[in-house]
Amino acid sequence: MEYEVVHTLLPAIIIFVPIVSGLLLFLLGHRLEPYKELICIGVTGLFFVLVLTMYPAIRDGKILLGIFQYFSFPLSVSFKVDQLTIFLGIFFSFVWFMIACFSYGYMAHEHKKVRYYSFFLLAEGGCMGTIFAGDLLGLFLFFEFMALTTYILVAHEETPITMFAGAKYLYMTVGGGLSVFFGLLITYYLTGSVVFNRPGLITEPSALATVAFAAFMVGFGLKAGMFPVHVWLPDAHPAAPSPVSSALSGIMLKTGIYGMIRVIFNIYSPEFIHNADWDTVMLIIAVITILLGSAMALLQDDLKRRLAYSSIAQIGYILLGVFLLSEQGLIGGLYHLFTHAFMKGLLFLCAGAIIVQTGIRNISQMKGIGLKMPATMIFFTIAAVTMVGIPPFNGFISKWQLSLASLEAGQPFFVAVLIVSSLLNAAYYFPIVITAFFASESSSETAHGHEEGHDEGSKPDAHGHHVTNNQTPKGILREDAPWHMLFPMGLLAVGCFAFALMPENWAWNLALAAAKSLFSM
Amino acid sequence: MSESLGIENTISSSLPLAITLIPIIGAAAAAFIGRYSEKYRDYFVLALTALVVLLSALLLNISWQESVVNRYNIGFGEIPLYFKVDKLGAVFNLLSAFIWFLATVFSLTYMTHEQRRTRYYTFYLLTLGGTLGVFLTGDLFSLFFFFEMMSLASYLLVIHNQTEEALSAGRLYLFLGIFGGLCILSASIMIYWYTGSVIITPSLEALVLIPGSILVAALLVIGFGIKAGMVPLHIWLPKAHPVAPSPASALLSGIMIKTGAYGILRVVTVMYTPADHEAKLLWSFTAEFGYIIIWFGILTMFTAAFMALFQQNAKRILAYSSVSQMGYILMGIGVCAYLGLEGPMAMGGFSLHVINHAFFKAGMFMMVGAVYFRTGEIELKKLGGLWREFPVTTVVFLIAAMGIAGIPGLNGYTGKVLLHHAIVEAFEHHHDYSLYLAERIFMLTGAITTCYIARLFSSIFLGKKPKGLTAKGSEPWNERAVFITIGAIIVFIGTNPFFVLKKLIGPIVSIFPFEKYYFNYLIKVNFWDHHDLQGMVYIVAIAALLFYVGTRFKLFELKLPGWLSIEHLVYRPAVKMFTYIFTRSGRALELTVDGVYINSPRLLTYYCITGRILDSAADYLIVDTLEPLKKISYKLNTLERGGHNFNTLMVKTSSLLLYIYDLWLFILHSAFHGSKKFFMTIFNFLFQIDYKHEGRFYVLVNTANFEYYLLIFFMVLIIIMSLQLFA
């Protein structure tokens, strides 16, 4: 399939919308102080709409490309929007938008809000720039930009624990950036170009090519939370404010995966990697990542830490799909990427809502919290069920697709890993839901009549008339998060299953087109 | 009728989708209505279940002529939801809907003493949708979809009371349900990938080619077997069924465990049969499969019946009884597969026994529930002599109990006769003596069943009333109506077996491609054969003996040691061991990796230490080389006492040099400092940056003196233009 290339500056302009507004917000912080939330929500929303405007062109088989020559530098920075980019761009910018909306409620009682919101926008710009970049240099620049701006967000609370987690994040991420830079240098040395190409740039096997591949995998894998380089993740997620953990886990980890996909398909080629047998190594790492994440998640009592380890396991799923190096596998991986962005983003937002409303972080303290915060916990349940992969939720579709891809590759072992991992998902998510809704603490009298938002304060008396029992509080939602926090959570929750119920699964089709474009270009 | 054996005509209809969707949407509606009015919610649920019964009857009517087929593409990637209703599915569907309706009527009064009624009704309807979906779907994938929905929704029914006991039973129920679902899912993924379709149709030719085809078959049987309560996968059932509210237990035992049996039936006797009837080799695969199922069935029926003897809780007896009866049903499936095309008798026995069991077991759970509702007691010891307070209940319970025991003239007898004929046939066709043993165990189980059910009946309704046992009020009308309906159906089937066989079982069996000869054999079976009646006499005699010995020596009150159960012997240690090893090794790995990173800065420290060592080494080296010089100067000093002037000169020269150096530094410093200040002043002057003392940065760029930019702009412009003049 041939794609028509359209030269336009649109992608570049779109990328600089959040970056410029983030900078302006930071510099003019004193003057713009009252409007900071509005600016953040507005810009992320605008960004989402702008990304959507590019969709029709991509759908018609075009590719948008904008090239900037770097002064007196042999490389250029280019921006490119193709099927893969638009797939990630649309969903990620939507999740960013939702998280920005949620931040309004979550950050209400936090300090240094201007700094938070401006760096939030900068991080979004960096993240989206990573995805919109048309060559390895641009990808690297935005990748580093995102990593460094995120540090400010991770260390936002400035407590000793946070600073430790932030430092761990910073040093490891700088190391990862250097690793990517190393790979970039070797690629340029070997081929004289770093522009994404298909078939790939490096076609000759050599020792340097191997080193470069390893460097890329370490650099991008570090961001993604791949097994031996994931250790920053379980510290950074609980330490960061919940919207930031949500963005980190839901979106920013995926930029690592995205980098890997670009490396596989546009720097090397799948055939090359398969011939060099690197995929076997990566598949083993993926399996270890899945099992390790699940094992550690089982042991955690801190909710956000458990979610963080669960993220590691889920990243293993995506790695598995990507490194099967087949179209089926890539579709599965990409779809799971989208699924995970929604459900894990939602789970962290739920955790954030719980922390804001009750201050509870540990699962063992969450007895009966489902009665106090019914809507939040229902969203949590939806996301948990998605995570386990029960139809009709999205997680089921990606699991199904990944399993088929494993069978296609002649590896039924991976199916077993996926199934066992689903069972483990159930083992560490359902107890939270059960504790929240049905734990024995709820047997107290006040909590009795109330379940999942249905007020049963009215009980029929002897004559069958209905009397409202005034002793039970009428507004059961009072302790739940305010509507402006519930709204983004609700939208994400709907996203967890709405696509699967529609006759045409739009997300699925986008993932399909993305995978097809990578394999045919 | 027999002309069209195995040949099907299909018709497209939206009824199956409607039947599954109405309860699901209704669940949301019930939750909504329940917020405002309890009364209207109850009426709504009642009307909804009645509507579902009507629609199911309509569907049965349609499917009696032709199979109903429909597909709905709902965006699951490549696989649509696929509904296919044949006569078997339609009958089971109507049966489920009807029992659900009866349970709803019963719930009207029963649920008034329970909390959280709205939640109950919401998930009650959701479970209904899932359960009906299982019977209406035509491929494994859609079956799995509804199966999971049913499992998850019914979890809320099991844990309804939220006591510690209910929660732990529910946990077991939930995780085994999910485990079973995942087994089915992985098997259907394998089947889909290797055969390209998951439609339930004879396809053994393709299925045996799957690598690990035995494993796939085993996964399917395990997945459905968990739900069916097949020993040794039954451990959740005796815990979960007693803790649920009685109408829910009635549905769990009466209908939901049948979905597991239904799944096994579809797998074993449909999917795992060859499409080509002449393929003898493949039939032997099916036969072996069936043989294994037979023995699982026998094991299930016997052990569970034996366990039921020793229970003290009325609902627990019924739960074990359900497991035992599922053994009969599974054995029917097994025999059907074992005999292949010659197995209509087993298929007939299976269908009839499912229907019978649904009525008497659902009825008994509700009747025990009614007793519990009015007396508050469920332990056998604390009950007794209640026949006066529960006249209708007692009569119907007696009918149902005799039904389950297999007394001729009641429905249980008819199903058991067919099943017994089937197992005898299985023995006679292949002369496998192990099946003769199976037949003996079948008969013995019948005796044990009679014994425990007699014990249950007598200890609740007969005998002396214990002290403190009071029954509030009288039997409500709705309970009476439900019980009388159930009793009437039990008696009707029992007294008109030939009618039921011709009109109901015959058509159901006819959809399977059995050989006509054996089909006619089923149709012409004589229920009142003296062999069967004689067998029943023996059974009752043995049961009476057992009952006498048991009550005389108080054997039934023996408490079986808890550690002896398969749960404590196998499952718990296995799960514990797995979790332990898995989490420990995971943590060890994680800590190692983390430790490496955390300790890596130590490398930097080592680097620094090395540097310092090198530095001091170099220092020593230099000092050591200077040492001779020092010694020389010392010697010079000591030699020349008059060298004082020389020293003074050296000191003065060095201080002068130091002074010059200081001066130079001062000049440099002031030059830099001054210039910095100067430039800052100019910069500030030019750019008009407001310095905020309380802020950290020059945060506010004042753009008011815009003309300055204009000036720069013009100057640049002038320079460029003037450059152009020279060019």
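Residues numbered from 1 in each chain as written. Chains lettered and ligands numbered in written order. Predicted model: local features only at pLDDT ≥ 70, side-chain atom pairs only at ≥ 80, totals over all residues.

A. Molecular detail of the overall build of chain B. If you tally the helices and strands in chain B, you get 23 helices and 5 strands. For chain B, the share of sequence-separated contacts (at least 6 apart) that also reach a separation of at least 24 residues comes to 80%. (Helix = DSSP H or I, 4+ residues; strand = E, 2+ residues; numbered from the N terminus. Contact = placed C-beta atoms within 7 Å.)

B. Local environment of the overall build of chain A. When its secondary structure is counted, chain A shows 22 helices and 7 strands. Along the first, second and third principal axes, the C-alpha atoms of chain A reach 85 × 60 × 45 Å. The long-range share in chain A, meaning contacts at least 24 apart out of those at least 6 apart in sequence, stands at 77%.

C. Seen up close, the environment of Ser246(B). All names here are of chain B. Residue placement: Ser246 occurs in helix α10 (residues 246–271). Exposure remark for Ser246: the 26 C-beta atoms within 10 Å place this residue in the buried category. Each C-alpha atom, one on Ser246 and one on Met366, is 5.7 Å from the other, the two residues being 120 residues apart in sequence. Ignoring any residue separated from it by four or fewer positions in sequence, one finds Ser246 in contact with Tyr110, Phe365, Met366, Val368, Gly369 and Tyr372. (Buried ≥ 20, exposed ≤ 12 C-beta atoms within 10 Å, placed from the backbone.)

D. Representation of unusual backbone geometry within the structure. Residues and elements named next belong to chain A. For the bond running from Pro391 to Pro392, omega is 5°, close enough to zero to count as cis. Of note in the backbone geometry, Lys112 takes a positive phi value of approximately 50° without being a glycine. Along the chain, Lys112 turns up in the loop between α5 (83–106) and α6 (113–132). Overall, Lys112 belongs to the partly exposed group, with 14 C-beta atoms counted inside 10 Å. For Leu325, which is not glycine, the phi dihedral falls at a positive 55°. Looking at the element boundaries, Leu325 is found in the loop between α14 (303–323) and α15 (327–358). Owing to 22 C-beta atoms within 10 Å, Leu325 belongs among the buried residues under this scheme.

E. Molecular detail of the domain arrangement of chain B. Per the domain assignment, the segments making up chain B are domain 1 (2–560), domain 2 (640–679) and domain 3 (688–726). Using C-alpha coordinates to define each centre, domain 1 of chain B is positioned 106 Å away from domain 2 of chain B. (Domains from an automatic or database assignment.)

F. Representation of the interface of chain B and chain A. Contact with chain B, which involves 44 residues of that partner, is made by 51 residues of chain A. Going through the elements one at a time, α1 (15–34), α2 (38–65), β2 (67–76), α4 (117–136), α5 (140–158), α6 (164–195) and α21 (566–639) of chain B are the ones with two or more residues in the side of chain B that touches chain A. Residue composition of the side of chain B that touches chain A, by class: 21 nonpolar, 12 polar and 11 charged. (Nonpolar A, V, L, I, M, F, W, Y, C, P; charged D, E, K, R; others polar.)

G. Geometry of helix α17 (residues 374–388) of chain A. Residue and element names in this part refer to chain A. Helix length check: α17, at 15 residues, gives a terminal C-alpha distance of 21 Å against a target of 21 Å (1.5 Å per residue), a fit within 8%. Counted residue by residue, α17 has 15 buried out of 15 residues, so it is predominantly covered. Two residues or fewer after α17 comes Gly389, characterised by a positive phi angle close to 85°. (Expected span 1.5 Å × (residues − 1).)

H. A look at the environment of His277(B). Residues and elements named next belong to chain B. Secondary-structure assignment places His277 in the loop between α10 and α11 (280–309). Between the alpha carbons of His277 and Gly586 there is a distance of 52 Å; along the sequence they are 309 residues apart. Filtering out sequence-adjacent residues up to four positions away, His277 remains in contact with Leu341 and Pro513.

I. Spotlight on the nonpolar core. Counting 421 residues, the largest nonpolar core has Leu346(A), Ala383(A), Met489(A), Ala511(A), Leu330(B) and Ile333(B) as its most contacted members. For Met489(A), the residues in contact, after removing those within four places along its chain, are Phe102(A), Leu346(A), Leu349(A), Cys350(A), Ala353(A), Thr376(A) and Phe379(A). (Core = buried A, V, L, I, M, F, W, Y, C linked by C-beta atoms within 7 Å.)

J. Seen up close, the packing of helix α12 (residues 314–339) of chain B against helix α16 (residues 433–461) of chain B. Residues and elements named next belong to chain B. Where α12 contacts α16, the two axes come as close as 11 Å, and the packing angle between them is 160°. Comparing the axis directions of α12 and α16 gives the class roughly antiparallel. Seen along the crossing, α12 lies across α16 with a hand that is left-handed. Contact with α12, carried on its side by Ala314, Ile317, Ser321 and Ser324, involves Thr445, Thr449, Tyr452, Leu456 and Ile460 of α16 and no other residues of that element. Considering only residue class, the contact of α12 with α16 consists of 5 nonpolar, 4 polar and no charged. (Axes fitted to C-alpha atoms, helices over the stretch in contact; angles between N-to-C directions. Parallel < 35°, antiparallel > 145°, perpendicular 65-115°, else oblique. Left-handed = near helix turned anticlockwise from the far one by under 90°.)

K. Main features of helix α19 (residues 412–438) of chain A. Residues and elements named next belong to chain A. Along its 27 residues, α19 runs 38 Å from first to last C-alpha, staying within 8% of the 39 Å computed at 1.5 Å per residue. Of all the bends in α19, the greatest reaches close to 25° and is centred on Tyr429; the proline Pro431 follows between one and four positions later. The buried fraction of α19 amounts to 19 of the 27 residues, a majority that puts the element mostly inside the structure. (Bend = angle between axes of the 7 residues up to and from the residue.)

L. Fine view of the packing of α5(A) against helix α22 (residues 506–520) of chain A. Residue and element names in this part refer to chain A. Running from N to C, α5 and α22 point in directions that differ by 150°, and their axes come no closer than 7 Å. Here α5 lies roughly antiparallel to α22, going by the angle between them. Crossing of α5 against α22: the hand is left-handed. Contacts between α5 and α22 pair Gln83, Leu84 and Phe87 from the former with Leu510, Ala511, Ala513, Ala514, Ser517 and Leu518 from the latter. For the contact of α5 with α22, a count of residues per class yields 7 nonpolar, 2 polar and no charged.

M. Representation of the confidence of the model for chain B. Residues and elements named next belong to chain B. On average, chain B scores 83 in pLDDT, and the residues at 70 or more come to 89%. In the predicted structure, residues 1–6 sits below a pLDDT of 50 and forms 15 contacts with residues beyond four places in sequence or in another chain. Taken as a whole, residues 689–707 scores under 50 in pLDDT and shows 15 contacts with residues more than four places along the chain or in a different chain. (pLDDT = per-residue confidence, 0-100.)

N. Broad picture of the environment of Leu167(B). Along the polypeptide, Leu167(B) turns up in helix α6. Once residues lying within four places of it in the same chain are set aside, the contact partners of Leu167(B) are Phe438(A), Ile159(B) and Gln162(B).

O. Structural detail: the confidence of the model for chain A. Residues and elements named next belong to chain A. Mean pLDDT over chain A works out to 85, with 91% of the residues at or above the 70 mark. Of all secondary-structure elements in chain A, the lowest mean pLDDT belongs to strand β6 (residues 458–460), at 39, while α14 reaches the highest, 94. Low pLDDT, under 50, characterises residues 442–477; the predicted model gives this stretch 61 contacts beyond four residues in sequence or across chains.

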